[in-house]
Amino acid sequence: MKILVTGATGMLGVKVIDALLERVAVEDVVISARNLDKAANLKQKGIDVRKADYEDPASLEQAFAGIDKLLLISSQGDDETRIRQHSNVIYAAEKCGVGLIIYTSISKPQKSTLPVAEVHRQTEQHIRDSGIPFTFLRNNWYVENEIGTVKNVLEGGPVLTSAEDGRVGWVPRVDYAEAAAAVLSSSGHENNIYELSGKPASYADMARELTNILGRRVTVRNVNDRTYQEVLIANGTPDIMAEFSVEIQQSIRRGDLDIESDDLPKLLGRPAITLKQSLTEIVNQFEFKNHPR
Ligand SMILES: NC(=O)c1ccc[n+]([C@@H]2O[C@H](COP(=O)([O-])OP(=O)(O)OC[C@H]3O[C@@H](n4cnc5c(N)ncnc54)[C@H](OP(=O)(O)O)[C@@H]3O)[C@@H](O)[C@H]2O)c1
């Protein structure tokens, strides 16, 4: 059984590989990477590293030869680029007779208003149309997306949001990675869709958890979208990122990431990492950086 992971040099991908190597023999693991230098440490572990770029269909076809299961970790960039790149991967998988394609999607993409939802809607549809058996891992939001929020709190600021009481199923990348490894290393996931989400929580809940962790009162500051954007820009966030962040806040406010599902703990065989645990970890990382032991 040959299992290939794309995007294995990225922040999610390295964690998928770590979790996968705990479950299957290294001889069964293959990665495709566009930059072989970045994959050098994976090669050292004995993993079959194949060079492939999402923009180069021929390289993808070479890389996917003999692969039974493929994890497509969604790419980065604008919608058009990502949709094109994902399509190249799906076509190559089809040509190579890949038996199962597993795709990291987003929560309920069909009705989501998230700025990234269109990419996932179209990619899921393309995978269905390809006829390749599939598994969609609909990842909710990385808690690591909130590192800036925590940093602001550690510097004495509030938890800033324009999402009102919208809730998010934040979990850290490591949980999504372990869930992906669980699917890659076991059977019976064909044509399944997993809504991978932690217990939904609001920014006010986040402020409460940070209050407990830090032992001092952390407040939540609810502002309108315009103020939210202005504060981000004033704090040095590039305009385009600030605009994107506001769109995320709007989607959260509309409930796009408010997902109740036990798919994640079922795949993990344990409870998902809680918001409190994740925030504690982020706080500890900052404290270690500022006061290394
Ligand atoms: N749910 C969420 O909260 C959330 C948040 C952010 C992102 N995401 C999605 O989740 C994905 C994985 O997250 P991440 O944190 O691991 O992102 P990341 O660290 O940026 O990793 C992206 C991976 O994609 C690879 N890649 C990009 N363009 C490629 C190309 N043309 N050909 C081949 N490989 C290419 C990168 O290769 P290199 O190492 O060579 O750059 C890297 O391995 C992201 O790409 C994004 O689609 C989800």
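Scroll up a little and you will see the structure.
Residues numbered from 1 in each chain as written. Predicted model: local features only at pLDDT ≥ 70, side-chain atom pairs only at ≥ 80, totals over all residues.

Asker: How do you make sense of the overall build of the chain when you look at a structure like this?
Answerer: The helix and strand inventory of the chain stands at 12 helices and 9 strands. Relative to the globule expectation of 19 Å for 293 residues, the C-alpha radius of gyration of the chain, 20 Å, shows essentially globular dimensions. If one aligns the C-alpha atoms of the chain with their principal axes, the spans along those axes are about 55 × 45 × 35 Å. When the 293 residues of the chain are sorted by exposure, 43% land in the buried category. Across the chain, every contact between residues at least 6 apart in sequence was considered, and the portion connecting residues at least 24 apart equals 75%. (Helix = DSSP H or I, 4+ residues; strand = E, 2+ residues; numbered from the N terminus. Rg over C-alpha atoms; globule rule 2.2 N^0.38 Å. Buried ≥ 20, exposed ≤ 12 C-beta atoms within 10 Å, placed from the backbone. Contact = placed C-beta atoms within 7 Å.)

Asker: How do you make sense of helix α7 (residues 173-184) when you look at a structure like this?
Answerer: Three- or four-residue spacings in an α-helix give side chains the same orientation, since the helix completes a turn every 3.6 residues. Between its first and last C-alpha, α7 extends 16 Å over 12 residues, near the 16 Å set by a 1.5 Å rise per residue. The buried fraction of α7 amounts to 9 of the 12 residues, a majority that puts the element mostly inside the structure. (Expected span 1.5 Å × (residues − 1).)

Asker: Please explain the nonpolar core as it appears in this structure.
Answerer: The nonpolar side chains of a soluble globular protein tend to be buried, and buried together. Counting 76 residues, the largest nonpolar core has Val16, Ile31, Leu70, Ile101, Ile102 and Ala180 as the members making the most contacts within it. For this core, the leading source of residues is α7, giving 7 residues. Here this core spans two domains, and each of domain 1 (3-139) and domain 2 (142-171 + 199-258 + 273-293) adds at least three residues to it. Other than its neighbours up to four places away in sequence, Val16 contacts Val5, Ala8, Leu71, Ala177, Ala180 and Ala181. (Core = buried A, V, L, I, M, F, W, Y, C linked by C-beta atoms within 7 Å. Domains from an automatic or database assignment.)

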